Amino acid sequence: TTSTSTTTSTTTTAPSTSSTPSSTTPSGTDETISPDGFWEVRVGETVADNEARIGGPFDDLGGDPGSCLVLQLPEVGGVYFLATSPNAEPVNDPSNLVIGRVSTEEPGWPTDTGIEVGMSVAEAESILGDTIVERNPHTYIDGGEYLIVGEPEDRYVYETDGSEIVAIHAGREPTVRAIEACS
């Protein structure tokens, strides 16, 4: 389902990725999802800068090369990135897009506070406490919510189905709340 809604909610359907982590990130690296990024991928930096750091290209999972791409690390399934135009103007070279969000809909990829997909909403709420700054009804899941945590430049969006966490997005506004990823 496609929506033309503004950035008030996030995607509920991840692009096609491996259903389980295909491998782990290299030993000794950060395997948590945070608004700063995941592993060696940094939110707020260009695709080119990130590819130089990780030593190769991302897998392109779709989108528009001039304005928004869904990307994945070749060796890691279940985690994906949204790269968007830095000034809402199309770019000529997709390597100039900026990573604005890291997301997962798979268990096994926790945030720095230990929250992961599949955790009960009650447990997540007990961890998050009063750091939840906003609660919005889910666009597609009856009884589900978006739990918004943190400042615009340091934000988490937890999608719930009313009983458990079904997706996690971390990054910067407005990309962290992009509906339908790049659709």
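Draft legend 1. Representation of the environment of Val 91 in the model. Topologically, Val 91 is positioned in the loop between strand S5 (79–84) and strand S6 (98–104). Spatially, the C-alpha atom of Val 91 lies 4.8 Å from that of Gly 66, the residues being 25 residues apart in sequence. If we ignore the near neighbours within four places in the chain, the residues touching Val 91 are Pro 65, Gly 66, Pro 86, Asn 96 and Leu 97.

Draft legend 2. Seen up close, helix H2 (residues 121–128). For H2, the full list of buried residues reads Val 121, Ala 124 and Leu 128. For H2, the arc enclosing every buried residue in end-on projection is 65°, short of the 170-degree limit, so these residues lie on one face. Turned more than 90 degrees away from the buried face of H2, the exposed residues are Ala 122 and Ser 126. For H2, the secondary structure elements touched by its buried residues are strand S7 (132–137), strand S8 (145–151), strand S9 (154–160) and strand S10 (165–171).

Draft legend 3. Local environment of the layout of surface pockets. Looking at the largest pocket, its volume works out to about 490 Å³. Forming the walls of the largest pocket are 25 residues, and the residues nearest its centre are Ser 67, Thr 84, Ser 85, Pro 174 and Thr 175. Split into classes, the residues belonging to the lining of the largest pocket amount to twelve nonpolar, nine polar and four charged.

Draft legend 4. Spotlight on unusual backbone geometry. With an omega of -5°, the peptide bond running from Glu 173 to Pro 174 counts as cis. Tracing the sequence through the fold places Pro 174 in the segment after S10. Backbone geometry at Ala 88 places phi at a positive 65°, although glycine is not the residue there. Considering the arrangement of structural elements, one finds Ala 88 in the loop between S5 and S6.

What counts and what doesn't
- Residues numbered from 1 in each chain as written.
- Predicted model: local features only at pLDDT ≥ 70, side-chain atom pairs only at ≥ 80, totals over all residues.
- Heavy atoms only, no water.
- Helix = DSSP H or I, 4+ residues; strand = E, 2+ residues; numbered from the N terminus.
- Contact = heavy atoms within 4.5 Å.
- Buried < 20%, exposed > 50% of the residue type's maximum accessible area, 1.4 Å probe, protein only.
- Arc of directions from axis to C-beta.
- 1 Å grid on protein atoms, 1.4 Å probe; cavity = no way out; pocket = protein on both sides within 12 Å on 5 of 7 lines; lining within 4 Å.
- Points joined across faces, edges and corners; volume = space filled by probe spheres on them.
- Nonpolar A, V, L, I, M, F, W, Y, C, P; charged D, E, K, R; others polar.

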